[in-house]
Amino acid sequence: MKDAIIVTRDLTYIYQAKNAGPLQKTALSDVSLEIERGSCVAIIGVTGSGKSTLVQHFNGLLRPTSGSVVVDGIEVGSKGVDNAALRQRAGMLFQFPEAQLFERTVYADVAFGPRRMKLRRKEIRARVLRALDLVGLPHGEFAMRNPFELSGGQKRRVALAGVLAMSPSILILDEPTVGLDAGGREEFYAYLKRIKEQQGVTIVLVSHDMAEVAALADWLFVLNEGRLALQGETRTVFNQDGALRTWGLAAPPLNELLAILRKGGMAIPDEINTLEEAFDLLQDLRQISEKGQGTCSRTSL
Amino acid sequence: MEQIALIDLQHIIYSYPDQQGESEPIALALNDVSLQVQQGEYLVLLGHNGSGKSTLARHCNALLIPTGGHALIAGRDSAERSNWRTIRDTVGMIFQNPDNQIIATVVEDDVAWALTVRGLPVRVIEERVAWAMQAVGIMHLRGLPPNKLSGGQRQRLAIAGVLALRPQCIIADEATAQLDPLSRQDIVELLHQLNRDYGLTIIQLTHLLEEAALAQRIVVMEQGKIVMEGPPPQVFSDLERLRALRLAIPEPIELAARLRNAGFRISTGALTVETIAQEILH
């Protein structure tokens, strides 16, 4: 990989209760991976597979028990590391982030992070307004509103703006759309994609929702019992439904459907990954088979 | 003679009590909803967050009492406090997070808990607990502490605890929302199996269309009202309307609809990945 923004080498993490020998649990074993700058990757795996433990290393919330993690040039857990600088570079949006909103106005909430960075007033203001516009909450309309009066999807985007206002180079999203309805989810995806394109930020997504992963990520890491079980391009990984099932995962429904068609003998190339592609292909296949049947019946006559 | 509905909700109106004493009028959570559920039916209540489906479900076992209208469960009016015990024994409920209803430190004791509280004879308790564990497939886990169970297994345990009370109906309120995709399918299959094998009435609440495909009837809610109702093929025939109700259309179903419009012979009854695939193949 040319330009890796996150590199882990033999990362192992053991949760350990103090003074309690047997009460330790290996959450990550020898995980080595690289995440390319500017990409959107997803980390998938069943509950307890180590996803959250892994991403908590990316912004220094956890330090490796052994092995190393380097994030944007900073070695996590080494002595003298400036954790504040690390957390500003790797911004994390936790699950149900709207629960962390607390200010009286949207503006104050988004400004909280930049204020802690001790930026100039003007700079803070510029960042807040830009972040609000980026997440689709035009500042003229939303900056002075009470965050608690917004819809669930809007609140979540306020929380996202709060992270963006810190100008992170990496955005870590832990189950970002859980609990949002379909409309709220679609909007969230649209803004994320725009942020990625305009800001060149690297996105690390942790998700259970395979349709979400398919919509956003270009590269997948599959974790199983704390180990990196598989990695690859999204479409390549999702074409391995059998393997995914052994790890308790399933490909998105459309990939499942295509897998059954393949098993049934239809010639469906691996590149087919979207609804449009599948629709066009099936229409083409039907035309071919109709022609084929035509010749068949003629020869049988 | 027409069968009396197990659950008969008549013109239910409900508004949540004003908690902060604010002067603004609060929108009605349920606005004149009538719904009958027959014994042995498998019903899916579909709707996005805040559509009113949970509020409606809580009227089916007297967790909420209507502000207006009547809720009759097995013929008993929930407005009468003396009916509550019978109503709640008739209609059991499981929720998103099974941990909220797991109490004991061993699986078997947890299933027995509600029966013990009711002071039933030990022999009856043992028999019912064994039956309930068998029915949901957790017999082999009987001696384990619940925290050793996976999310899917804990949800099964919660179902067993309700089942042991021998209800006629179980309401599952987004009972799969916190589970992995595969455990999710497992729980939905289990609910169907209980419906088939024991004639248990099931009311399943979800915002996922793919979980509604195998229901006998779907009721779609929006802003405290029932806006669509019918067997799955009928409800799924109007994808535009479902989308407008902020529900996500599963891609295989969208694909099937588009292929049908393009002249493929795919029946409207094909609503699962498996059946759609088989119809495309033929």
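Position numbers for residues count from 1 along each chain, tracking the sequence in the order it is written. The lettering of chains begins at A and the numbering of ligands begins at 1, in the order of writing. In view of the model being predicted, local features appear only for residues whose pLDDT reaches at least 70, and side-chain atom pairs are presented and counted only at 80 or more, with totals across whole chains, interfaces and linings using the full set of residues.

> Now, about the overall build of chain B: what can you tell me, with residues and values included?
The number of helices and strands found in chain B is 10 helices and 10 strands. The C-alpha radius of gyration computed for chain B amounts to 20 Å, which stays within 12% of the reference 19 Å derived for 282 residues, consistent with globular compactness. Counting other C-beta atoms within 10 Å of each residue's C-beta, where C-beta atoms are placed from the backbone, gives the exposure class: buried for 20 or more, exposed for 12 or fewer, partly exposed between. Relative to its 282 residues, chain B shows a buried fraction of 45%. The contact criterion used here is simple: two residues whose C-beta atoms, placed from the backbone, lie within 7 Å are in contact. Contacts in chain B between residues far apart in sequence, at least 24 positions, make up 65% of those at least 6 positions apart. Numbering of helices and strands runs from the N terminus; a helix is a DSSP stretch of H or I covering at least four residues, while a strand is a stretch of E covering at least two. With C-alpha atoms as the basis for the radius of gyration, the globule rule is written as 2.2 Å multiplied by the number of residues raised to the power 0.38.

> Tell me about the overall build of chain A, residues and numbers included.
Per the secondary structure count, chain A includes 12 helices and 10 strands. On the principal axes, the C-alpha backbone points of chain A span a range of 85 × 55 × 35 Å. Taken over 301 residues, chain A has a buried fraction of 39%. The contacts in chain A between residues at least 6 apart in sequence include a share of 65% that link residues at least 24 apart.

> I'd like a description of the sheet that holds strand β5 (residues 76–77) of chain B, backed by residues and values.
Residue and element names in this part refer to chain B. Pairing between strands is defined by DSSP: at least two bridges between them are needed. Across the sheet, which stays open at both edges, the four strands sit in the order β2-β1-β4-β5 with antiparallel pairing between neighbours. The sheet terminates laterally at β2 (30–37) and β5, the two strands that pair on one side only. Strand direction decides the pairing type here: strand β1 (residues 7–14) and strand β4 (residues 68–73), joined by five bridges, are antiparallel. Paired with Ile-7 across the bridge in β4 is Ile-73.

> Before we move on, can you summarise the nonpolar core with the specific residues and values?
In this structure, B:Leu45, B:Ala132, B:Ala160, B:Ile171, B:Ile203 and B:Val219 are the most contacted members of the largest nonpolar core, which totals 89 residues. The dominant element in this core, judged by the number of residues it contributes, is helix α5 (residues 151–163) of chain B, at six residues. Setting aside residues no more than four positions away along its own chain, B:Leu45 makes contact with B:Lys53, B:Leu56, B:Ala57, B:Ile203, B:Leu205, B:Val219 and B:Met221. For our purposes the nonpolar core covers buried Ala, Val, Leu, Ile, Met, Phe, Trp, Tyr and Cys residues that link as a set through C-beta atoms within 7 Å. Counting 69 residues, the second largest nonpolar core, distinct from the first, contains A:Tyr13, A:Leu164, A:Val201 and A:Ala214.

> Explain the sheet that holds strand β6 (residues 91–94) of chain B to me, and be specific about the residues and the numbers.
Residue and element names in this part refer to chain B. Here six strands make up an open sheet; going across it, the order is β6-β7-β8-β3-β9-β10 and the pairing mixed. The sheet terminates laterally at β6 and β10 (225–230), the two strands that pair on one side only. When the angles between neighbouring strand axes are averaged without regard to direction, this sheet yields 20°. Across four bridges, β6 lies against strand β7 (residues 169–173) in parallel orientation. Bridge pairing in β7 links Met-93 to Ile-171. The angle between two axes is taken between their N-to-C directions and runs from 0 to 180 degrees, where each axis is a line fitted to C-alpha atoms and a helix contributes only its stretch in contact. Strands β3 (42–46), β7 and β8 (201–206) of the sheet are contacted by helix α6 (residues 181–198), whose axis makes an angle of about 160° with β8.

> Report on the environment of A:Phe279, specifying residues and quantitative values.
Relative to the helices and strands, A:Phe279 is located in helix α12 (residues 275–300). Linking A:Phe279 and A:Ser32, residues 247 residues apart in sequence, is a C-alpha distance of 38 Å. Once residues lying within four places of it in the same chain are set aside, the contact partners of A:Phe279 are B:Leu255, B:Arg258 and B:Leu259.

> Tell me about the interface of chain B and chain A, residues and numbers included.
Across the boundary between the two partners, chain B contributes 25 residues, which contact 24 residues of chain A. When residues of the side of chain B that touches chain A are traced back to their parent elements, those giving at least two are α6, α9 (251–261) and α10 (273–281) of chain B. Residue classes follow a fixed rule: Ala, Val, Leu, Ile, Met, Phe, Trp, Tyr, Cys and Pro count as nonpolar, while Asp, Glu, Lys and Arg count as charged, and any other residue, Gly among them, counts as polar. Partitioning the side of chain B that touches chain A into residue classes produces 14 nonpolar, four polar and seven charged.

> I'd like to hear about the pairing of β10(B), residue by residue, with values.
Residues and elements named next belong to chain B. Sheet topology places strand β9 (residues 217–222) next to β10; five bridges connect them, and they run antiparallel. Residue pairing across strands places Met-221 opposite Ile-226, the latter belonging to β10. Taken together, β9 and the strand that follows it, β10, pair antiparallel across an intervening segment of two residues, in which Gln-223 is found at a positive phi of about 50°.

> Can you tell me about the environment of A:Leu62, naming the residues and giving the values?
Residues and elements named next belong to chain A. Mapped onto the secondary structure, Leu-62 falls in the loop between α1 (51–58) and β4 (66–71). Considered as a pair, Leu-62 and Tyr-13 are 49 residues apart in the sequence and their alpha carbons are 8.7 Å apart. Contact partners of Leu-62, with chain neighbours within four places excluded, come to Tyr-13, Thr-53, Gln-56 and His-57.

> Pulling in residues and values, what's your account of the pairing of strand β1 (residues 4–16) of chain A?
Bridging between β1(A) and strand β2 (residues 24–36) of chain A involves nine bridges; their strand directions are antiparallel. By the bridge assignment, A:Tyr15 is partnered in β2(A) with A:Lys25.

> Can you break down the confidence of the model for chain B residue by residue, with the values?
In low-pLDDT segments, the atomic positions of the prediction should not be examined closely. What pLDDT expresses is the predictor's confidence in each residue, scored from 0 to 100. Mean pLDDT over chain B works out to 91, with 96% of the residues at or above the 70 mark. Across the interfaces of the predicted complex, the ipTM metric reaches 0.80, alongside a pTM of 0.83.

> So what about the packing of helix α3 (residues 107–117) of chain B against α5(B)? Which residues, and what values?
Helices that pack against each other are described as a pair by the angle of their axes relative to one another and the distance between those axes. All names here are of chain B. Between α3 and α5, the shortest axis-to-axis distance is 7 Å and the interhelical angle comes to 35°. Crossing geometry of α3 relative to α5 is assigned as right-handed. Contacts between α3 and α5 involve Val-107, Asp-110, Val-111, Trp-113 and Ala-114 on the former and, on the latter, Leu-157, Ala-160 and Gly-161. Its residues assigned to classes, the contact of α3 with α5 shows six nonpolar, one polar and one charged. Handedness of a crossing is defined here by the sense of rotation of the near helix relative to the far one, left-handed for an anticlockwise turn of less than a right angle and right-handed for a clockwise turn.

> Break down helix α4 (residues 122–136) of chain B for me, with residues and values.
Residue and element names in this part refer to chain B. With 15 residues, α4 should cover 21 Å at 1.5 Å per step; its first-to-last C-alpha distance of 21 Å lies within 8% of that length. In the core, the buried residues of α4 are packed alongside α3, α5 and α6. Just downstream of α4, Gly-137 is the residue with a positive phi angle, here 75°. Helix span, as expected, comes to 1.5 Å for every residue beyond the first.

> Would you mind going over the environment of A:Lys51 in detail, with residue names and values included?
All names here are of chain A. By secondary structure assignment, the location of Lys-51 is in helix α1. Each C-alpha atom, one on Lys-51 and one on Asp-174, is 9.1 Å from the other, the two residues being 123 residues apart in sequence. What Lys-51 contacts, discounting residues up to four positions off in sequence, is Ile-43, Gly-45, Val-206 and Leu-223.

> Explain α6(B) to me, using residue names and the numbers behind them.
Every α-helix carries 3.6 residues per turn, so stepping three or four residues along brings you back to the same face. The terminal C-alpha atoms of α6(B) lie 26 Å apart, and with 18 residues this matches the ideal 26 Å at 1.5 Å per residue to within 8%. Restricting attention to buried positions, one finds in α6(B) the residues B:Pro181, B:Ser183, B:Arg184, B:Ile187, B:Val188, B:Leu191 and B:Asn195. In this structure, the buried residues of α6(B) make contact with α8 (210–216) of chain A together with β3, α5, β7 and β8 of chain B. The first or second residue beyond α6(B) is B:Gly199, which carries a positive phi of 65°.

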